[in-house]
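# Examination of the molecular architecture
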Amino acid sequence: MTSTDVRNEADDSGPSGYAAARLRLLGEGARSGPPRRAALAELTDDWLSGLFTAAADGLRGVSLVAVGGYGRGELSPRSDLDLLLLHDGGDTKAVAALADRLWYPVWDLGLALDHSVRTPAEARKTAGEDLKVQLGLLDARHLAGDLGLTAGLRTTVLADWRNQAPKRLPELQELCAERAERQGELQYLLEPDLKEARGGLRDATALRAVAASWLADAPREGLADARRSLLDVRDALHLTTGRATDRLALQEQDQVAADLGLLDADTLLRQVYEAARVISYASDVTWREVGRVLRSRAVRPRLRAMLGGGKPVPERSPLAEGVVEQDGEVVLARAARPERDPVLPLRAAAAAAQAGLPLSLHAVRRMAAHGRPLPTPWPAEAREQLVTLLGSGRPTVDVWEALEAEGLITRLLPDWERVRCRPQRNAVHLWTVDRHLIETAVRASELTRRVSRPDLLLVAALLHDIGKGWPGDHSVAGEIIAKDVAARIGFDRTDVAVLSALVRHHLLLVETATRRDLEDPATVQSVAEAVGTQSTLELLHALTEADALATGPAAWSSWRGSLVADLVKRVSAVLAGDTPDEPEAAAPTAEQERLAVEAFRTGGPVLALRAQPEPPAEEGPGEPEPLGVELVIAVPDQPGVLPAVAGVLAMHRLTVRTAELRALELPGGFEEGSVLLLNWRVAAEYGSLPQAARLRADLVRALDGSLGIAARLAERDAAYPRRRGWVAPPPRVTVAPAASHHATVIEVRAQDAPGLLFRIGRALEEAGVRVRSAHVSTLGSNAVDAFYVTAPKGAPLPGEEAASVARALEEALRA
């Protein structure tokens, strides 16, 4: 039966004919989705138009108008009929009688009806008072009667909406936020409300309203498909349940999936989540643009007055190479070239997350469209930027979703596709698998001060459930995937083994602690054998806690935490052995000896800059890529060397990736230990490296006290706007017990920042200790440093004095 046949049947038989035609249309298995919704709306239009014509009996100045979802021509099987009887205020008794003759047939058929009778002035007044009424009128569509009356109302309502947008759009945004708070996020709920939850059909309607205001518009790519997908699911839900419901209950999901031709309920939920994610992201971008436009409108008159009528130029402040902040968003610098810079997406994402700012939609799309794929294995900078992104706390979530919306995550990590939007049918879990992995990284970022390798902790957090996209034990499958991903990211063989072990055993501690007898030596021994080393145990303990906290409130408690901590203590005792002494430094090269001799002879600093190639990967083609620049400095031993060198590097915007300081034994004929050798690996924050001559000149001034480093750094910091960003975990300074027989080892774990090493060196100088050697590393955004210090006469510090130095250093870093 064609659409024309269905309409004719309805026309011939009145209400009963409409009911039969409606039933026949809904029973047609071949027609579903948009064609069926449009056909149902058309069938209903014809029936209501016939009712109106017969009931109006020549009455003028009246029209019947469809509003809301019916006005958009989208009728699901159990949708309400949203109708407005519009009149010019003439014969009100006749209009009331007409309304009765229209509404009662609808009720008689058992159809849900949302109706009103108003003049254009009343409709306009009500819309001004009730935002929901106004949203419904934005989709007003003429059905029957006086077309001019309907057209006049549409024109007036749209004009009001556009004129009042600066006031009404914030009200609409608040309404959306309140609804999201009540209903939750559609993309993570096991029994979602397709209409009311965040990312559902209500939000899609709100985006249409924003576009109608002409103030801003939503990103349109994929939005129509997402909306259509949710409407299709709602249609199937209505037919399955026979009720006007928008909640996709667990018991209905298998049948709804079958009606849609999907494999199973998990496939259905994944489709719903993907659609909701598109709408949620479009909402975030759109509301951000609305806020930007409204702020611009508020500020523009003042700026014009200040600039004498000239057009204001948006301020751009650099964040990283090729990345700047503009108008509250992270955008690409004018000189950025995604087609030549494969690390740019990760660098931009890390900069955005560290600054607590959103990534511009235009920037993400440009990188997605023109970016180059990363080589395999990744260059060191790409790995460091990924670790920085993962270690940025809560802002990581929004930045990650921005990359994922344009397909950049699966381009970087192809294995991510199997866990993307994958539901977890477990009441303990709050999130889909992919979001749980990001939440675990967020939680792990809060625990980075507890481990010596925060980079491994963060990457393990990202990968620990990656095996859930494959059949079988996800820990076993995940171990295999983690090995491949870690090698592709560029970790060496030792780190790959640690990461794969963390993924394989990420449930070991909590399951053993809660299910086994910890008093049994065999239990503790089995865990020790699986873990292997103290450092892996330290990482596994932090990963266990982060994983549980990211699962949901039911997965972690003080009781579980105490059991796991007890197990870790017992396993640590089994793994404990002789603590290694200070790492033995490699023999100095001929160049280092030459620099040291020259420094001793001249009595001043001598330095050399040279490119340092990245060691070739154990597997994979290609030449070694430059890892950074090696800076070797030889300085006659004197107080203040470490803060002086670190301060000069900070002034020149050089990021210290690794650093070593040691006293160098000179060849015969020179005073032993009279020269300090500093070996640094540095990179420019943005721009090019400074000349060696400039570095040396500033270093000479810093050592003689004529260069005020602290004041210069403070002045530079004050020149840049303060960003909220992510509040990193506080620095942690500890004394490593029995770590060396010849010195006291002060360990510092802190958020990397310009001037950090200068502040550490200055605090150690003020504490009156001598830095015998230093081992500094930057892992993503985390600084993990060890300083071997002694008293002025060369002996290790007494216990209480060492603790006092550590406390003073921690207080200085927290200030």
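Note: the structure precedes this text.
Residues numbered from 1 in each chain as written. Predicted model: local features only at pLDDT ≥ 70, side-chain atom pairs only at ≥ 80, totals over all residues. Heavy atoms only, no water.

### Examining the overall build of the protein
Quick note on the threshold: Helix and strand assignments follow DSSP, with helices taken as H or I runs no shorter than four residues and strands as E runs no shorter than two, numbered in order from the N terminus. For every residue, the accessible area obtained with a 1.4 Å probe (protein chains only) is divided by the maximum for its type, and the residue is called buried under 20%, exposed over 50%, and partly exposed between those limits. Any two residues whose heavy atoms approach within 4.5 Å at even a single point are treated as in contact. In these tables, accessible area is a Shrake-Rupley quantity obtained with a 1.4 Å probe, and a residue counts as shielded only by the protein chains included in the view.
Scanning the protein from terminus to terminus reveals 31 helices and 15 strands. Seen along its three principal axes, the alpha-carbon backbone of the protein occupies a region of about 120 × 75 × 50 Å. Here the protein holds 815 residues, and 52% of them are scored as buried. In the protein, of all internal contacts separated by at least 6 residues, the share reaching a separation of at least 24 is 71%. Counting only carbon and sulfur atoms, one obtains 51% of the accessible surface of the protein, whose full area is about 36500 Å².

### So, the side chain of Ser 79
Applicable threshold: Counted as a polar contact is a pair of N or O atoms within 3.5 Å, where, for protein atoms, one must be capable of donating a hydrogen and the other of accepting one, and residues adjacent in sequence contribute only when both atoms are in side chains.
Considering the arrangement of structural elements, one finds Ser 79 in the loop between helix H3 (68-71) and strand S2 (81-87). With relative accessibility at 15%, the residue Ser 79 sits in the buried group. At a separation of 2.9 Å, a polar atom in the side chain of Ser 79 contacts the main-chain amide nitrogen of Ser 76. In contact with Ser 79, other than residues within four places in its own chain, are Ala 112, Arg 234 and His 238.

### Structural notes on the packing of aromatic side chains
Keep this limit in mind: Ring geometry is summarised as follows: Phe, Tyr and Trp rings, the Trp one being its six-membered ring, pair when their centres sit within 6.5 Å, and such pairs are stacked at plane angles under 30 degrees, edge-to-face over 60 and tilted between the two. Criterion for a charge above a ring: Lys NZ or Arg CZ within 6 Å of the ring centre, and within 35 degrees of the ring normal.
Following the criterion strictly, the structure yields four aromatic pairs and no others. Aromatic pair Tyr 18 and Trp 47: ring centres 4.2 Å apart, planes at 5 degrees, arrangement stacked. Residue Tyr 18 is located in helix H1 (residues 3-27), and its partner Trp 47 is located in helix H2 (residues 34-56); the two are separated by 29 residues in the primary sequence. Classification of Tyr 18 as buried rests on a relative accessible area of 0%. Both rings, one in Tyr 188 and one in Trp 431, keep their centres 5.0 Å apart while their planes meet at 90 degrees; by these two values the pair is edge-to-face. On the criterion of sequence distance, the pair formed by Tyr 188 in the loop between helix H8 (165-183) and helix H9 (201-212) and Trp 431 in the loop between helix H17 (408-412) and helix H18 (433-445) is long-range, its members being 243 residues apart. The residues Tyr 188 and Trp 431 share a single accessibility class, namely buried. Over the aromatic face of Phe 491 sits the side chain of Arg 383, whose NZ or CZ is 5.5 Å from the ring centroid.

### What to know about the sheet that holds strand S1 (residues 62-66)
The condition is simple: Strands are labelled as partners when DSSP assigns at least two bridges between them. Inter-axis angles, ranging from 0 to 180 degrees, are taken between N-to-C directions of lines fitted to C-alpha atoms, where helices are fitted over the stretch in contact.
Spatial strand order, S3-S2-S1-S4: four strands in an open sheet with mixed pairing. Both outer strands of the open sheet, strand S3 (113-118) and strand S4 (141-145), are each paired with one neighbouring strand and no more. Between one strand axis and the next, the sheet turns through 25 degrees on average, direction left out of account. Seen against the sheet, H2 touches S1, S2 and S4 and runs at an angle of roughly 35 degrees to S4. On top of the sheet, helix H7 (residues 147-163) reaches S1, S2 and S4; it is set at about 105 degrees to S2, its chief contact.

### Points about the packing of helix H20 (residues 474-489) against helix H21 (residues 493-504)
What counts here: Oblique is the label for any angle not under 35 degrees, not over 145, and not in the 65 to 115 range, which are roughly parallel, roughly antiparallel and roughly perpendicular in turn. In this scheme the crossing of two helices becomes right-handed for a clockwise turn of the near helix relative to the far one and left-handed for an anticlockwise turn of less than a right angle. Residues are grouped as follows: nonpolar covers Ala, Val, Leu, Ile, Met, Phe, Trp, Tyr, Cys and Pro; charged covers Asp, Glu, Lys and Arg; every other residue, Gly included, is treated as polar.
It is the contact of H20 with H21, at a shortest axis distance of 8 Å, that shows an interaxial angle of 155 degrees. One way to sum up the angle between H20 and H21 is to call them roughly antiparallel. Crossing geometry of H20 relative to H21 is assigned as right-handed. Two secondary-structure elements touch here, H20 through Ser 475, Val 476, Gly 478, Glu 479, Ala 482, Lys 483, Ala 486 and Ala 487 and H21 through Val 496, Leu 499, Ser 500, Val 503 and Arg 504. Its residues assigned to classes, the contact of H20 with H21 shows seven nonpolar, three polar and three charged.

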